Amino acid sequence: MSFIPTEHQHRRFNPLTGQWILVCPHRMLRPWSGQQESPQKNDLPEFDPSNPLCPGVVRPNGVKNPDYEDTFVFTNDFPALLEDIPSPPESNDPLFQAAAAKGTCRVMCFHPKSNLTLPLMTPNEIEVIIREWINQFNELNLKYTWVQIFENKGASMGCSNPHPHCQIWACSFLPSEPSLKDANLRKYYQKYKTPMLSDYITKEIERKERLVIDNPDWLVVVPYWASWPFETMIISRNKNKRLNDVSPEQQKNLALVIKQLTTKYDNLFKCSFPYSMGFHGAPTGEKLEQDNAHWTLHAIYYPPLLRSATVRKFMVGFELLCQAQRDLTAEQAAQRLRELDGENHYLNNVRPT
């Protein structure tokens, strides 16, 4: 019997992290009687006086938000990372190690209106967001080793406030996931003399199996090694290393890609599609002057929905105890996303540019 990737279980290697995932496409045939999520709807008011992220509202710490008209950034009122704290003492015990962890956490509101998610914004409005991401990165990257810009969209991804926003955590250390990528990207570059993701772009364009959006400056794919059902990756085609390498013209094309991808997501199950996303690029701070030729700027989207607006993928059991596992193949997910409309939102209320 011949191997058929859409029918037979197999493992795939993630060269960015050095880890394997298990692919079990035949599990899509099993009936589902587990938990069902409440579909995320676009039914919020434009303004909610009780929402601490809205313009002019007084936050719980007593600070009043300005009447902002596009983006608004402030230091998180309940940050995970603080700057002026003592460091733990050094330990010689290999089983009880602690290290300093300092930094700052910021909240960035995308838009004054609470009912506008990214797919419902215009490309121009998304471009304003990208420019502010770069402004924040420029301010923080000189001091901190890692600057993580990320968006949690939807209650199922832990978002505690529906107002369109993201977070920016800047830390004095290189976190685990970026550290794995840094090591594996460097190892590949030393062996093949080219950046891994540049080679990956070339091969994905040749094969066309996992392409979702092909943009002059950015390529969107469902990675061959994707763990989440409709996981995607936006990769720079200009060999940019960090977010602040992105030119004004590339920012315009990035805005288009983000709008098209998130519109496809919403159109997939006719809901406000949840996800966690973030940018990964070369480390910063004291690592700015190091050789980072092995890095390529990219963004990752991790959406949990699997079969419908109410059935999600849970990373539990085998996934927690052994390794990541997915049902739908990357190729099947890419085909479904590729065939979806990325211009017209299913609600038909996207405003003109």
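Everything here concerns the structure above.
None of these values were measured; they are calculated from a predicted model.

Asks: Which parts of the structure should I look at to understand the environment of Asn 152?
Replies: When you line up the elements, Asn 152 lands in strand S5 (residues 146-153). Sequence separation between Asn 152 and Val 63 is 89 residues; the distance between their C-alpha atoms is 24 Å. Discounting chain neighbours no more than four positions away, the residues touching Asn 152 are Met 157, Cys 159, Gln 167, Tyr 275 and Ser 276. Polar side-chain contacts of Asn 152 include one of 2.6 Å to the side chain of Ser 276.

Asks: How should the sheet that holds strand S11 (residues 298-302) be read in this particular structure?
Replies: Pairing between the strands of a sheet is mediated by backbone hydrogen bonds and can be parallel or antiparallel. Spatially, 9 strands are ordered S3-S4-S6-S5-S10-S11-S9-S8-S7 in an open sheet, and the strand pairing comes out antiparallel. In the strand order of this sheet, the two ends are held by strand S3 (72-75) and strand S7 (211-214), each with one partner. Across the sheet, the mean angle from the axis of one strand to that of its neighbour is 20°, orientation sign disregarded. On the sheet, helix H1 (residues 123-140) packs against S3, strand S4 (103-109), S5, strand S6 (165-171) and strand S10 (275-280) and is oriented at approximately 165° with respect to S4. Lying on the sheet, helix H6 (residues 330-339) is in contact with S7 and strand S9 (232-236); it crosses S7 at an angle near 40°.

Asks: Just checking my understanding: could you explain the pattern of salt bridges for this structure?
Replies: Oppositely charged side chains may form a pair once their charged atoms are brought near each other. A full pass over the atoms with the stated rule returns 14 salt bridges. Arg 186 is paired through a salt bridge with Asp 182; the nearest N and O atoms lie 3.9 Å apart. Taken together, the positions of Arg 186 and Asp 182, both in helix H2 (residues 176-192) and 4 residues apart, correspond to about one turn of that helix. By relative accessible area, which is 28% here, Arg 186 ends up partly exposed.

Asks: Hey, could you run me through H6 in this one?
Replies: Because the α-helix completes a turn every 3.6 residues, residues three or four places apart line up on one side. When we look at burial in H6, the residues that qualify are Ala 330, Glu 331, Ala 333, Ala 334 and Leu 337. Down the axis, H6 shows its buried residues gathered within 160° of arc, on one side only. In this fold, the buried residues of H6 make contact with strand S1 (10-14), S7, S9, helix H4 (248-269) and strand S12 (325-326).

Asks: Explain the state of the cysteines to me, please; I cannot follow it from the model alone.
Replies: Cysteine pairs can be linked by a disulfide, which is a covalent bond between their two sulfur atoms. Counted by the stated rule, this structure contains 0 disulfides. Its sulfur unpaired, Cys 24 is 12 Å from the next cysteine sulfur, which belongs to Cys 322. With no disulfide of its own, Cys 109 has Cys 54 as its nearest cysteine by sulfur position, at a separation of 8.1 Å.

Asks: Would you mind showing me how to read the sheet that holds S12 here?
Replies: The sheet built from 3 strands is open, its strands ordered S1-S2-S12 with mixed pairing. Of all strands in the sheet, those bounded by a partner on one side alone are S1 and S12. Relative to strand S2 (residues 19-23), S1 is paired through 5 bridges, and the arrangement is antiparallel. Note on S2: the bridge partner recorded for Phe 13 is Trp 20.

Asks: Hey, could you run me through the pairing of strand S8 (residues 218-221) in this one?
Replies: Note on strand geometry: in a regular strand, side chains alternate between the two faces of the sheet. Side chains Trp 218 and Val 220 of S8 all project onto a buried face; the interleaved residues Leu 219 and Val 221 project onto the opposite face, where all are buried too. Taking the residues between adjacent antiparallel strands as the criterion, S7 and S8 are bridged by 3 residues. Relative to S9, S8 is paired through 4 bridges, and the arrangement is antiparallel. Paired with Leu 219 across the two strands is Ile 235, which belongs to S9.

The rules behind the values
- Residues numbered from 1 in each chain as written.
- Predicted model: local features only at pLDDT ≥ 70, side-chain atom pairs only at ≥ 80, totals over all residues.
- Heavy atoms only, no water.
- Helix = DSSP H or I, 4+ residues; strand = E, 2+ residues; numbered from the N terminus.
- Contact = heavy atoms within 4.5 Å.
- Polar contact = N/O pair within 3.5 Å; in protein donor to acceptor, adjacent residues only side chain to side chain.
- Pairing = 2+ DSSP bridges.
- Axes fitted to C-alpha atoms, helices over the stretch in contact; angles between N-to-C directions.
- Salt bridge = Lys/Arg side-chain N within 4 Å of Asp/Glu carboxyl O.
- Buried < 20%, exposed > 50% of the residue type's maximum accessible area, 1.4 Å probe, protein only.
- Arc of directions from axis to C-beta.
- Disulfide = S-S within 2.5 Å.

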